[in-house]
Amino acid sequence: MDTLEIIGAPQSVFVRTVRLACEEKGVRYRLISANPHSQAVLAINPFGRIPVLRHGDVALFESRAITTYVDQAFGGPPLCPSGAAECARMEQWISALNAEILPTFVAYTRANYLPTLSGGSLDRTVIDPLLPKVRAHIELLAETVSTTHHLAGSHFTLADMGLMPMLAYLRGLPESGRMVLGAPALASYFERHVLRPSWIATEPPPMSELAR
């Protein structure tokens, strides 16, 4: 069988989500570093977004489709809860993350990181209006994980793999870092899962390398 290839920038939260799925599943893969809208990405995703996957005759884009393929095409521990209700709850949180929560978090982190990478200064007119929604999302997530230390079910699922990479960036920024620390359940959730071998194995290069 051809080697499974994940194509995209390792700093991307969505690329790391897919890598986490492979590591948790025990699937061997090769990461090919590529930027959004590069030729390698556009060859698979007409919208130019990362990650994309190639595995023999299979070519996929969108992290949710890729992680579904990884989970169903290979043996190893399941990445979804077994019960219908908990599986649905996982899908609920994946949808909520992608549609409601991550867009706010991504806008906030970009507003903090991109000026630094380009040598500019922070634009508070962009950052400050985002802070109430960032706080509200953090509080909601903290409440959700407070009982089981997971977004759905009682083990590490694709929903958690979607959230953890974003939390790592939020914890490294001043305002959001204080918000996470001020939400003990979410801070504990993060500290619990960073000990996973899959997390350690997928540590990306620093954001500063994107500017090279």
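None of the values given here were measured: they were computed from a predicted structure. (Residues numbered from 1 in each chain as written. Predicted model: local features only at pLDDT ≥ 70, side-chain atom pairs only at ≥ 80, totals over all residues. Heavy atoms only, no water.)

1. What to know about the packing of aromatic side chains
The following threshold applies: Stacked, tilted and edge-to-face pairs are distinguished by plane angle, under 30 degrees for stacked and over 60 for edge-to-face with tilted covering the rest, among Phe, Tyr and Trp rings (Trp via its six-membered ring) whose centres lie within 6.5 Å. Helix and strand definitions here come from DSSP, where helices need a minimum of 4 consecutive H or I residues and strands a minimum of 2 consecutive E residues; each element is numbered from the N-terminal end. Cation placement over rings: the criterion is NZ of Lys or CZ of Arg within 6 Å of the ring centroid and within 35° of the ring normal.
One pass over the full model with this rule turns up 4 aromatic pairs. Ring centres of Tyr-69 and Phe-74 lie 6.2 Å apart, and the angle between their planes is 85 degrees; on these two criteria the pair is classed as edge-to-face. Measuring from centroid to centroid gives 5.8 Å for Tyr-113 and Tyr-169, while their planes differ by 75 degrees, and the two rings are edge-to-face. With Tyr-113 in helix α4 (residues 84-118) and Tyr-169 in helix α6 (residues 158-171), this residue pair connects regions lying 56 residues apart in the sequence. Stacked on the ring of Trp-199, the Lys or Arg Arg-16 has its end atom at 3.5 Å from the ring centre.

2. What to know about the sheet that holds strand β4 (residues 58-61)
The test is simple: Pairing between strands is defined by DSSP: at least two bridges between them are needed. Every angle, taken between N-to-C directions, lies between 0 and 180 degrees, and every axis is a line fitted to C-alpha atoms, over only the stretch in contact when it is a helix. Any two residues whose heavy atoms approach within 4.5 Å are treated as being in contact.
The mixed open sheet is built from 4 strands, whose spatial order is β2-β1-β3-β4. Of all strands in the sheet, those with a lone pairing partner are β2 (29-32) and β4, marking the two edges. Strand-to-strand twist in this sheet, taken as the mean axis angle between neighbours without regard to direction, amounts to 20 degrees. Where strand β1 (residues 4-7) lies against β2, 4 bridges are found, and the strand directions are parallel. For Glu-5, the partnering residue across the bridge sits in β2 and is Arg-30. Across the sheet, helix α3 (residues 63-73) is in contact with β1, β3 (52-55) and β4; its angle to β4 comes to roughly 140 degrees.

3. Some words on the packing of α4 against α6
Rules: Here is the rule for angles: anything less than 35 degrees is roughly parallel, anything more than 145 is roughly antiparallel, 65 through 115 is roughly perpendicular, and the remaining ranges are oblique. Left-handed describes a crossing whose near helix is turned anticlockwise from the far helix by less than a right angle; the clockwise case is right-handed. Nonpolar residues are Ala, Val, Leu, Ile, Met, Phe, Trp, Tyr, Cys and Pro. Charged residues are Asp, Glu, Lys and Arg, and all others, Gly as well, are polar.
Viewed as axis vectors pointing N to C, α4 and α6 meet at an angle of 15 degrees, and their least axial separation amounts to 10 Å. Taken as axis vectors, α4 and α6 run roughly parallel relative to one another. Both α4 and α6 take part in a crossing whose hand is left-handed. Contact with α4, carried on its side by Met-90, Trp-93, Ile-94, Leu-97, Leu-102, Phe-105, Val-106, Tyr-108, Thr-109 and Tyr-113, involves Leu-158, Ala-159, Gly-162, Leu-163, Met-166, Tyr-169 and Leu-170 of α6 and no other residues of that element. The class makeup of the residues in the contact of α4 with α6 is 15 nonpolar, 2 polar and no charged.

4. Some remarks on the packing of helix α1 (residues 13-25) against α6
Across the interface, α1 lies against α6 with an axial gap of 9 Å and an inter-helix angle of 135 degrees. The orientation of α1 with respect to α6, classified from their angle, is oblique. At the point where α1 passes α6, the crossing takes the right-handed sense. Every residue of α6 that contacts α1 at Val-13, Arg-16, Thr-17, Leu-20, Ala-21 and Glu-24 is listed here: Leu-158, Met-161, Gly-162, Pro-165, Met-166 and Tyr-169.

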